[in-house]
Every structure is written in C-alpha cells, then in structure tokens.
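Remarks on the overall topology
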Amino acid sequence: MRADPVPAVPATAPRPADLRGWARLGADAVVGITDAVEAMHAAIVRLSPPLGRARHGRTRGLTGFVYRTVRGTARAVGGGLELALAALAREPASAAGASSPRREALVAVLNGIWGDHLAASGNPLAIPMRLRVGGVPIDAAAGPPTGLGDGRRLLLMVHGLCMNDLQWTRAGHDHGVALADSAGWTPLRLHYDSGRHVADNGRELSATLEALLARWPVPVDEIAILGHSMGGLVARAACIAAHEAGHAWPARLSALVFLGTPHLGAPLERGGHALERALGLSPYAAPFARLGRARSAGIVDLRHGAVRDARSAKPDPTSGAPLDAGLPRGVAAYAIAASRSAPGARGRLAGDGLVPVDSALGRHADPARALPIPDAHRRTIRAANHWDLLDRPEVTAQLLRWLSRAPRRGRRVTRPGSAAAR
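A short tour of the structure in this document, coming up. Note that the structure is a prediction, hence the values are computed from the model and not measured.

Moving on to the nonpolar core. Core analysis: the biggest nonpolar cluster contains 48 residues, and I225 and L256 have the highest contact counts within it. With nine residues, helix 6 (residues 230–245) is the largest single contributor of residues to this core. Counting residues in each nonpolar core, the second largest holds 24 residues, with M157, M163, A255 and A338 among its members.

Laid out in structure tokens, this is it:
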C-alpha cells in the first residue's frame, strides 16, 4: 500500500537552529544537574535526618561560590555557542521544512520528554503545531494534496507521546492512506509538541482546525479524528476547548476514533509519580526526585488521562455527554485497545505494555468514570502491543467498517445557554 511522500530533501548536515537548540538544552541540563548535586551536598553537610522535608538546597561560602560559578559558566558557554552559531550561518527559509525521518524521530522524543521546557524557554528544538502531509506543512488555501481525496471529508490523524506525524507509516502501511483509497477521506496529520499539557495542545488544535476551515477552498462535509495514544486525549481536549471558545468546526465532526488512548491513565506514569514521592521523603534522595520532576507536563497528564486544565471550572451538565469526556453529543466515538495476551487466553487483559485494556476502551466499573462509548464501538486486538495498532490488518479493517459509510453533512450544534437550548 502506498504511503504519503516522505520529505523530498533529506537533511545531510546539522541545521543551525538545531545546534543552537542543543547548546541551550545542554546548558540547561548542566544547571539542573548542578542544582541537584548541590542540594545533596547541602543535606550531607548539615547532617540532615534520614527522613523529613529537605531544607534549602544551597551551600554557603566557598562551596556555594563553586556551584554558582559552575552554573554561571554553563549559561555563559551555552549563550556564547548560540550567538556563534547564529552568526555563523542564517538558515535558509527553504531548509526550514527539510528534514530526515531520523531527525524527526529524535526531535519528537526530545519534545515528548522535555517539550514544555523547550517551549517555555523558546528553544528552537520545540515543535510548533502544524498540519502536515509527508512531513511538509500544508497550505490550507491550496486545498487537499494531490491524490488524497477531494478535501470534503477530512481525516485528522493525531500522533502520540514522543512520536511524530511521519510515524503513522509503519512497516509500509498507513491507516490514513487506506481510508483515502477506500473511503474517500483526505488525511491530514498533526505535528505537535507532545511534552506540553494535553489541554494546551487541545486549545491550539481547536484554533488550528477553526483556521483551517476558514481558508479551506472546498466545502467540508465531514471531519473525523483518529488519535493514537496521547493523540486521543488531545482530540478530546480539542473538543472541550472548541465548546468553551464557541468554535464552529465541531459542527462538521462526525467521529472520534481512539487507538490505545490512556483515557483512564497509564500505570507507568502513576508508578513514576509514586517513586518521585517516595524519594521526596528523604532530604538525601530528594535531589533525585527533583530530576524526576523534569519530565514533561504531557507525561504527567498521562497519569490519569487528563484532558482539561486543572484550573478550569466544571462544565455545564446539561450538555449531554460530560464535557470532561470530550465526546460531544451526536459524534460517534470508537475505541480500539491492544492486548499482548494471545487469542483465547483467559483472565484479565493486561494491556499493550503501556496502556491497560480498560483504560484504552474507557471502561470503568463506576459509570461516572467511564467514557460513554457503546460496547459495539469497542474492539480489542489480541497478541499486539501499543505500536502494532498502527499497522495491524484487523485495525485497518475495523477502521474501514466504522468510517466507510456514506458522507454525512455538517450538523448544527446546540450549546448550553444558547437560545436553541432554552
């Protein structure tokens, strides 16, 4: 099966912007490690008790001067390298989109782990949110890419943590291309910084879709969103953000499809949080907890599958499905989970190695904590891991069954508090 074209101009030399980004990140890392070492040094010098809250982690006198010097030197060297690289060469605009799959994968992992820090510090390695095809940003005004549908049925594909839009192609297969060939969808892939808060990415995605429809040259009858892993949480967060902002694009939304999305959280992140708290019980281990807290906001959001900003108010319960679920009324929701258990195996399905089956299906014994997805819209793929969901034939066949029905025209959305709702 054909796949979207890969970037036409592979990177053959380091990009100046990347080098500046690595220089800045290296300086930040040295400062962070120095802070942790100094905090441990301070605990040892003060003969702190083995358990209890860590006191101020700075040393004094000559020792403190040495640590301050190390931090200052790291910042100065990093800043000097950035200035030197900026003066050495100005990256041509034409090279900004040229990259290689290897570089794209590395930068995606970096963003997944420290993406919120990269964005907050203005690091050139931070990934800006864009819609792309073949790794190249699309021009909305130009319409659908050649050979990928007529642009009236848009399939938005949202990747997961530490991944990028090129990685929808696995083992030569691409779900988006299959749906374009067999069901007339036009696949557009979201490229974004997966280390930011899910709610922040959701707000930006909602604004991105609103802007896309404003410039798209052909009428859009239907939008479906396919999210893998964290991508499903971002899709739900976008629906919540659209409701809050009064965006129009959900009137065209017909389906949300989740592949291995941790709707109810991921045990690995919960385990990481528990370890962080345990380390914080001792002033001698607390510096290591500080290093653990360096993981991105996006990773932390996976602990419980958070899709809403914690500071946001509760949604209006009159809106049908709870807005915290991010499943708007009238939009079909589907979920596929993977289980490493072999077909026919008995007992509880553990999951795909990262996400438990119940979490991926949004299934919980307490109805208030479950997602309102009908059982007929749930599917479990056996003898598969988290990434097998990207190319297993059973997944493709199920997607075609769910998304190959006749195109649906846009619907009118009734929002709580509107005249129609009253």
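The next point concerns the pattern of salt bridges. The full count for this structure, using the stated rule, is 14 salt bridges. Note that R170 is salt-bridged to D391, the shortest N-O span being 2.8 Å. With a gap of 221 residues between them, R170 in the loop between strand 3 (153–158) and helix 4 (175–183) and D391 in the loop between strand 8 (378–382) and helix 11 (393–403) connect regions that are remote in the sequence. Classification of D391 by relative accessible area gives buried; the value is 19%. A network of salt bridges, in which partner residues are shared, links R103, E104, R132 and D165.

Another point: the sheet that holds strand 4 (residues 186–191). Taken together, the eight strands give an open sheet; going across it, the order is 2-1-4-3-5-6-7-8, and neighbouring strands pair in mixed fashion. With one partner strand each, in any of the chains shown, strand 2 (136–137) and strand 8 form the two edges of the open sheet. As defined by bridge partners, strand 1 (residues 130–133) adjoins strand 4 across three bridges and the pair is classed as antiparallel. Bridge pairing in strand 4 links R132 to R189. The strands touched by helix 11 within the sheet are strand 3, strand 5 (222–228), strand 6 (253–259), strand 7 (332–339) and strand 8, with strand 8 carrying the most contacts at an inclination of about 165°.

Quick look at the environment of L125 now. You can see L125 is positioned in the loop between helix 3 (101–120) and strand 1. Looking at L125, the relative accessible area reads 2%, which means it is buried. Placed 15 residues apart in sequence, L125 and L110 show a C-alpha to C-alpha distance of 8.3 Å.

Between helix 4 and helix 11, the shortest axis-to-axis distance is 10 Å and the interhelical angle comes to 45°. When the axis of helix 4 is compared with that of helix 11, the two are oblique. Here helix 4 runs over helix 11; the crossing is right-handed. Along the contact surface, helix 4 presents H175, A178, L179, S182 and A183, while helix 11 presents V395, T396, L399, L400 and L403. The class makeup of the residues in the contact of helix 4 with helix 11 is seven nonpolar, three polar and no charged.

Relative to the 22 Å expected for 16 residues at 1.5 Å per residue, helix 6 spans 22 Å between its end C-alpha atoms, a close match to the ideal helical length. Taking burial as the measure, the 16 residues of helix 6 include 13 buried ones, the bulk of the element. Within two residues after helix 6, G246 carries a phi angle of roughly 70°, on the positive side.

Our next topic: the environment of E104. Among the secondary structure elements, E104 is positioned in helix 3. Judged by its relative accessible area of 5%, E104 is buried. The spatial distance from the C-alpha of E104 to the C-alpha of I127 is 9.9 Å, given a sequence separation of 23 residues. Aside from chain neighbours lying at most four places away, what touches E104 is S99, R132, N164, L166 and H191. Within the structure, the side chain of E104 is placed 3.1 Å from the side chain of R132, a separation counted as a polar contact.

Quick look at empty space enclosed by the protein now. Per the stated rule, a full pass over the model turns up two cavities of 30 Å³ or more. A199, R203, I240, E244 and D309 are the residues nearest the centre of the largest cavity, which is lined by 10 residues in total. Listed by contribution, the elements that provide at least two residues to the lining of the largest cavity are helix 5 (198–215) and helix 6. Broken down by element, the residue count for the lining of the largest cavity peaks at four residues, all from helix 6. Residues belonging to the lining of the largest cavity are distributed by class as follows: five nonpolar, one polar and four charged. Roughly 30 Å³ of internal volume is contained in the second largest cavity. In this structure, the second largest cavity is lined by L131, L154, L155, L156, L188, L209, L212 and I223. Within the residue set of the lining of the second largest cavity, elements represented by two or more residues are strand 3 and helix 5.

Attention now moves to helix 5. Its 18 residues place the ends of helix 5 26 Å apart at the C-alpha level, agreeing with the 26 Å of an ideal helix rising 1.5 Å per residue. Taken together, the buried positions of helix 5 are V198, A199, N201, G202, L205, S206, L209 and L212. Within helix 5, the buried residues cover an arc of 150° as seen down the axis, which keeps them to one side. Elements that come into contact with the buried residues of helix 5 comprise strand 1, strand 3, strand 4, helix 6 and helix 9 (297–301).

Let's shift gears to the packing of aromatic side chains. Within this structure, the stated rule accounts for one aromatic pair. Arranged with centres 4.5 Å apart and planes meeting at 25°, the rings of Y334 and W402 form a pair that is stacked. With Y334 in strand 7 and W402 in helix 11, this residue pair connects regions lying 68 residues apart in the sequence. Under the relative-accessibility criterion, Y334 is labelled buried at 7%. Note that R153 overlies the ring of W185, its terminal NZ or CZ placed 4.1 Å from the centroid.

Each value, and the rule that gives it
Residues numbered from 1 in each chain as written. Predicted model: local features only at pLDDT ≥ 70, side-chain atom pairs only at ≥ 80, totals over all residues. Heavy atoms only, no water. Core = buried A, V, L, I, M, F, W, Y, C linked by side-chain atoms within 4.5 Å. Buried < 20%, exposed > 50% of the residue type's maximum accessible area, 1.4 Å probe, protein only. Helix = DSSP H or I, 4+ residues; strand = E, 2+ residues; numbered from the N terminus. Salt bridge = Lys/Arg side-chain N within 4 Å of Asp/Glu carboxyl O. Pairing = 2+ DSSP bridges. Contact = heavy atoms within 4.5 Å. Axes fitted to C-alpha atoms, helices over the stretch in contact; angles between N-to-C directions. Parallel < 35°, antiparallel > 145°, perpendicular 65-115°, else oblique. Left-handed = near helix turned anticlockwise from the far one by under 90°. Nonpolar A, V, L, I, M, F, W, Y, C, P; charged D, E, K, R; others polar. Expected span 1.5 Å × (residues − 1). Polar contact = N/O pair within 3.5 Å; in protein donor to acceptor, adjacent residues only side chain to side chain. 1 Å grid on protein atoms, 1.4 Å probe; cavity = no way out; pocket = protein on both sides within 12 Å on 5 of 7 lines; lining within 4 Å. Points joined across faces, edges and corners; volume = space filled by probe spheres on them. Arc of directions from axis to C-beta. Phe/Tyr/Trp six-rings, centres within 6.5 Å; stacked < 30°, edge-to-face > 60°. Lys NZ or Arg CZ within 6 Å of the ring centre and 35° of its normal.

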